[in-house]
Structure formats: C-alpha cells, structure tokens
Amino acid sequence: MLQAINLSKKFKTKEVVKQVNMEMPAGESIGLIGPNGAGKSTTISMLSSLIIPTSGEVLWDGKSITKDPDPLRKKLGVVPQEIALYPELSARENLAFFGRIYGLKGELLETRITEVLMKIGLSDRQRDIVKTFSGGMKRRLNIGAALLHRPSILIMDEPTVGIDPQSRAYILETVKQFVEEGMSLLYTSHYMEEVELLCDKVYIMDQGEIIAYGTKEELKELVSSNQTIELRVNLVNANFEKALTNQLPTAIVRTEEELLTISMPKNEEPLATIFAIAAENNVVITAAIVKVPSLEDVFLHLTGKALRD
Ligand SMILES: Nc1ncnc2c1ncn2[C@@H]1O[C@H](COP(=O)(O)OP(=O)(O)OP(=O)(O)O)[C@@H](O)[C@H]1O
Ligand SMILES: [Mg+2]
C-alpha cells in the first residue's frame, strides 16, 4: 500500500499541493482527476519519490520513502506526462536504455524487452527509430519503458493526451488488462470517461486540494440520486402517460411531442415496466436513453466549473 499523509508542496511561496491524503491499496485502481494546474503531476512526483514534499510524507508499506526510496522504486513504474524517449534510437534500443536504469542486463533484459514490446503492440516496429513513430506509438513506448522491471504498481500521468482515438483505445484496453491481471494503478487524467472505465475509486483535485473522494457511485450520489429516462415514441398517447404515472408512483413524467422524459430515483429499474405499459397502450418506443450523473457532473457540482475549458 502506498499512502500520502498530509502531503504539501510549495514552489517558492506558492503552495500547489495542500495537505493531500491519499491511499493506494494493493490491487486497486485509483483515479486522480482535476483540471490543468490542479497539482496532479506534482502529487504524483512526490508519491513516486521524484520530488521531495515541503511537508507531510509518503509511506510505502508503512515506511517513509523519503528516508529510503529503494523498496518503492523496485515495485513502481511511472509513466510521465511528458514523453521521454531518444528519437534517434530504435524502440528496442530505447527500452534497453531504460531497462539498464532498472539494473536489468544480458539475457534477462532482452527477454523483458521482448515481453514489453508484445504488451504495447510494437513488436513489428522494434527496429525502427522513434522519430518515425506516430504520437500514439511514442506514448505506447513511453508506457513500455515503465514496465520492464515488472512493477506491481503503475502510476500513469495523462497517458492518452494528444493522440489519435485508435491509439487511445488501444492504450486504455492495455491498461485495463494490467488492472485485471492484478496491477495496482494510479491513473491521472482530465478525461472523466477514462477514469470511469479504469478506476474503482476516484480522488478529485482542484487548486492543490482533494475536494472529493469515493467510489464512482458514491461521488455520483453527491450530485443526484435521480435518473432520467428519455423515451422517443411513435405517437403521443395520453393513456400511456397516465398509465406510467399510475404504475410508477415515484416517477415524474413530462411529454414534449414525441419525447417523454421520466425522472425517478436511481435505485429503481423501471425499463421492463415502461416497455410493458407501452405495449399495452399500442405505443412503440423507438429509442430509450437512461441518463445517470457522470463524474463530469460531479466535478461541475463541486467546483462550479467544467473540467476542461
Ligand atoms: N517546478 C515548478 N516550479 C514552479 N511551479 C510549478 C512547478 N511545477 C508545477 N508548478 C505549478 O504548480 C501548479 C500545479 O502543477 P501540476 O503540473 O502539478 O498540475 P497538473 O494538475 O498536473 O496540471 P496538468 O493537467 O496541466 O498536467 C501549477 O500552477 C504549476 O504552474
Ligand atoms: Mg500534470
């Protein structure tokens, strides 16, 4: 388990991380979200022993990493926000360079490089020099560099920024697999949908502070305990609307031409009932959308601003 205890960082007089407490238990997948400049990268740098906190501390299995960062470093893979690769070297040569930093050499290094190239889907491009790679391929190689020593905990700082949708999907799928295989993950992003896909628990950071923490479900509870169901129907039928109101006592039904909007508590699952009532009244539902609050809504609710401008 990796823990941040009252972690703060000042650059000159500006405090950019303020009294942050976080927990990353083994095997869990944790999200850290927040807008530009929130302090996410600074927090990650302290968690991974790259910069020293102004106050507070980071514990790895209960022991301070400031005194002895080595036990953590052996288990930790960090994928930095900025791509750090040698453009004139091939993919394989880049990985060899990073592997040696982790103390790997000889046969073992070669085996690990081959293994990592498979994981990041670059085996067929391993001999090509990096400056010929697309943005997405460079990102994948950057991830690969953090995997050579088979870390049990992976910290990723916005690994999908500025790449094409296909590479992004590939990376998300790969990371999802790591998590399923039992890797602990701290995933930073300002794309809510990525965090929703990958993480069990989420920390929301704004202006250096953790302003909310919980499971996705708990955070969404903050916003609303309601769901909205939108139905598109082939004809407007007053009986249908009346029957919905009667049979779903907690629902509020509104009609606007062929669009019906039903608001009701999130813990109920009314779709089967709705379709049955429609059939009884000869109404055909041509589309149905169930809207529950997103983490994006949570952020807006907590800070009064959108996550991305
Ligand atoms: N080395 C530094 N010296 C001075 N200020 C810094 C330094 N590093 C970061 N900052 C400032 O600290 C604040 C937090 O930066 P940080 O990079 O941690 O934010 P972030 O949440 O990662 O943002 P982004 O989403 O843009 O990556 C910003 O105001 C930034 O300008
Ligand atoms: Mg950052």
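Residues numbered from 1 in each chain as written. Chains lettered and ligands numbered in written order. Predicted model: local features only at pLDDT ≥ 70, side-chain atom pairs only at ≥ 80, totals over all residues. Heavy atoms only, no water.

### Thoughts on the coordination of the magnesium ion (ligand 2)
Phase 1 of the analysis: Within the protein, the atoms that donate to the magnesium ion (ligand 2) are Ser41 (OG) and Gln81 (OE1), at distances of 2.0 to 2.2 Å. One end of the pair, Ser41, is in helix H1 (residues 40-47); the other, Gln81, is in the loop between strand E6 (76-79) and helix H3 (91-101), with 40 residues separating them in the sequence.
Phase 2 of the analysis: A relative accessible area of 29% means that Gln81 is categorised as partly exposed. (Donors = N, O, S within 2.8 Å, 3.2 Å for Na, K, Ca; no water. Helix = DSSP H or I, 4+ residues; strand = E, 2+ residues; numbered from the N terminus. Buried < 20%, exposed > 50% of the residue type's maximum accessible area, 1.4 Å probe, protein only.)

### Brief notes about the side chain of Arg112
Phase 1 of the analysis: On the secondary structure map, Arg112 appears in helix H4 (residues 106-119).
Phase 2 of the analysis: Buried charge Arg112 goes without a salt bridge, the closest partner of opposite sign being Glu115 at 4.6 Å.
Phase 3 of the analysis: A polar contact of 3.0 Å, which involves the side chain of Arg112, links it to the backbone oxygen of Leu148.
Phase 4 of the analysis: Excluding residues that lie within four positions of it along the chain, Arg112 makes contacts with Leu104, Leu148, His149 and Arg150. (Lys, Arg positive; Asp, Glu negative; His and termini not counted. Salt bridge = Lys/Arg side-chain N within 4 Å of Asp/Glu carboxyl O. Polar contact = N/O pair within 3.5 Å; in protein donor to acceptor, adjacent residues only side chain to side chain. Contact = heavy atoms within 4.5 Å.)

### A closer look at the pairing of strand E9 (residues 201-206)
Phase 1 of the analysis: Within E9, five of the six residues are buried, which leaves it mostly tucked inside the rest of the structure.
Phase 2 of the analysis: In terms of strand pairing, strand E3 (residues 29-33) meets E9 through four bridges, oriented parallel. In the strand pairing of E9, Gly31 is matched with Val202.
Phase 3 of the analysis: Relative to strand E10 (residues 209-215), E9 runs antiparallel, the two being bridged by six bridges. Directly across from Val202, in E10, lies its bridge partner Gly214.
Phase 4 of the analysis: In sequence, E9 turns back onto E10 through a hairpin of two residues, with Gln207 there showing a positive phi of about 50 degrees. (Pairing = 2+ DSSP bridges.)

### Some details on the layout of surface pockets
Phase 1 of the analysis: In this structure, the largest pocket occupies an estimated 610 Å³ of space.
Phase 2 of the analysis: Residue lining of the largest pocket: 22 residues in total, with Leu50, Leu76, Val78, Ile101 and Tyr102 positioned closest to the centre.
Phase 3 of the analysis: Elements represented by at least two residues in the lining of the largest pocket include exactly H1, helix H2 (70-75), E6, H3 and helix H5 (135-145).
Phase 4 of the analysis: Considering only residue class, the lining of the largest pocket consists of eleven nonpolar, seven polar and four charged. (1 Å grid on protein atoms, 1.4 Å probe; cavity = no way out; pocket = protein on both sides within 12 Å on 5 of 7 lines; lining within 4 Å. Points joined across faces, edges and corners; volume = space filled by probe spheres on them. Nonpolar A, V, L, I, M, F, W, Y, C, P; charged D, E, K, R; others polar.)

### Describing unusual backbone geometry
Most peptide bonds adopt trans geometry, and most residues besides glycine take a negative phi value.
Phase 1 of the analysis: In this structure, Ser49 is a non-glycine residue whose phi angle is positive, near 65 degrees.
Phase 2 of the analysis: Residue placement: Ser49 occurs in the loop between H1 and strand E4 (55-60).
Phase 3 of the analysis: A relative accessible area of 14% places Ser49 in the buried class.
Phase 4 of the analysis: Phi is positive for Gln207, close to 50 degrees, though the residue is something other than glycine.

### Some words on empty space enclosed by the protein
Phase 1 of the analysis: Here the structure, examined in full by the defined rule, presents one cavity of 30 Å³ or more.
Phase 2 of the analysis: Estimates place the volume of the largest cavity at around 40 Å³.
Phase 3 of the analysis: Ile120, Arg140, Ile143, Tyr170, Ile171, Thr174 and Val175 are the residues that line the largest cavity.
Phase 4 of the analysis: Listed by contribution, the elements that provide at least two residues to the lining of the largest cavity are H5 and helix H6 (165-180).
Phase 5 of the analysis: Residue contributions to the lining of the largest cavity peak at four residues, all from H6.
Phase 6 of the analysis: Taken together, the residues of the lining of the largest cavity sort by class into five nonpolar, one polar and one charged.

### Points about the domain arrangement of the protein chain
Phase 1 of the analysis: Split by domain assignment, the protein chain resolves into domain 1 (2-221) and domain 2 (225-292).
Phase 2 of the analysis: Taking the mean C-alpha position of each, domain 1 and domain 2 sit 44 Å from one another. (Domains from an automatic or database assignment.)

### A short note on the site of ligand 1
Phase 1 of the analysis: Residues in contact with ligand 1 amount to 13 residues; listed here are only the nearest, Gly37, Lys40, Ser41, Thr42 and Gln81.
Phase 2 of the analysis: In the model, an oxygen atom of ligand 1 is placed 2.9 Å from a nitrogen or oxygen of the Gly39 main chain.
Phase 3 of the analysis: One of the side-chain nitrogen or oxygen atoms of Glu158 is found 3.0 Å away from an oxygen atom of ligand 1.
Phase 4 of the analysis: Protein coverage of the free-state accessible area of ligand 1, which is 640 Å², stands at 62%.
Phase 5 of the analysis: At the level of secondary structure, the elements contributing two or more residues to the shell around ligand 1 comprise strand E2 (14-24) and H1.
Phase 6 of the analysis: Among the elements that make up the shell around ligand 1, the one with the highest residue count is H1 (three residues). (Near = heavy atom within 4 Å. Areas by Shrake-Rupley, 256 points an atom, 1.4 Å probe, with all protein chains shown as cover.)

### Some points on the sheet that holds E9
Phase 1 of the analysis: If you walk across this open sheet you meet the six strands as E6-E7-E8-E3-E9-E10, and the pairing is mixed. Pairing within the sheet leaves two strands with one partner each, and these edge strands are E6 and E10. With strand direction ignored, the average angle separating the axes of adjacent strands in the sheet is 15 degrees.
Phase 2 of the analysis: Strand contacts of helix H11 (residues 295-303): E9 and E10, with the helix running at about 35 degrees to E9, the strand carrying the most contacts. (Axes fitted to C-alpha atoms, helices over the stretch in contact; angles between N-to-C directions.)

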